[in-house]
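The residues making up each chain are set out below.
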Amino acid sequence: MAIEAVIWDFGGVLTDSPFVAFNRFEAERGLPRDFLRSVNARNHLDNAWARFERSEIGLDAFDAAFRAESAALGHPVNGKDVIALLAGRLRPEMVDALKACKARLKVGCITNNVAAGEGPTMVPGDIEGGKALAAGVAEVFALFDHVIESSRAGLRKPDPRIYRLACDALGVLPENAVYIDDLGINLKPARELGMTTIKVADPAAALAELEAAVGFPLR
């Protein structure tokens, strides 16, 4: 069936991956590589990170809970130190692709984030890196026909309900939508609903896949 909408993740897709910052932090602190990701992978539906992104706990509670979870794995890390690593620079080639999609299709965004004031979010003014970065993020968000933020919805990926909400809001069936994310765990439920899914590891390769899915050039 014809593609009518492209739904985007934000961090790690339209911006640089936070995992680069995670690995840099780990190297600076003498932690095992990918240790922070391993903490987040345990009990991923109800761990500190999940509850924080659903706005069930605030920053101070997350700070303590993440420290306890990481300590249980042998290396205590304050949650506030990890949250500070989330903001990333926009990827111009991905933003251009979003604009090209916007010209012909419906476009939406599903992002797991934290509430404004609790750390770097997708809300202008809360992004680390200065006013120019915040302004750029605001311009990108203005392109979307609909945005679902986990911190506002009380749901986070990979809960299947969040993908249904996005499709309903855009007025498309899942099989007529593409979903693009940098995490396989977030792509699986979208694919099971019938969406075409694309994983972003290498942005150029992901854009080639997206061009094939939508049937027109993006670069």
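Residues numbered from 1 in each chain as written. Predicted model: local features only at pLDDT ≥ 70, side-chain atom pairs only at ≥ 80, totals over all residues. Heavy atoms only, no water.

1. What about the overall build of the protein?
- Secondary structure summary: the protein contains 11 helices and five strands in total.
- Taken over the C-alpha atoms alone, the protein extends approximately 50 × 35 × 30 Å along its principal axes.
- For the protein, with 219 residues in total, the buried portion stands at 51%.
- Intrachain contacts of the protein at a sequence separation of at least 6 include 65% that bridge at least 24 residues.
- Per element, the accessible surface of the protein, about 9800 Å² overall, is 52% carbon and sulfur. (Helix = DSSP H or I, 4+ residues; strand = E, 2+ residues; numbered from the N terminus. Buried < 20%, exposed > 50% of the residue type's maximum accessible area, 1.4 Å probe, protein only. Contact = heavy atoms within 4.5 Å. Areas by Shrake-Rupley, 256 points an atom, 1.4 Å probe, with all protein chains shown as cover.)

2. Considerations on the confidence of the model for the protein
- Averaged over all residues, the pLDDT of the protein equals 91, while 90% of them reach at least 70.
- Contacts of residues 121–130 to residues separated by more than four positions or lying in other chains number 30 contacts, the stretch itself having pLDDT below 50. (pLDDT = per-residue confidence, 0-100.)

3. A look at the nonpolar core
- Trp8, Leu14, Phe144 and Leu210 are the most contacted members of the largest nonpolar core, which totals 29 residues.
- Per element, the largest residue contribution to this core is five residues, and it comes from helix α6 (residues 92–104). (Core = buried A, V, L, I, M, F, W, Y, C linked by side-chain atoms within 4.5 Å.)

4. Considerations on the pairing of strand β4 (residues 177–181)
- With five of five residues buried, β4 lies mostly within the body of the structure.
- Going residue by residue along β4, you find Ala177, Tyr179 and Asp181 tucked away on one face and Val178 and Ile180 tucked away on the opposite face as well.

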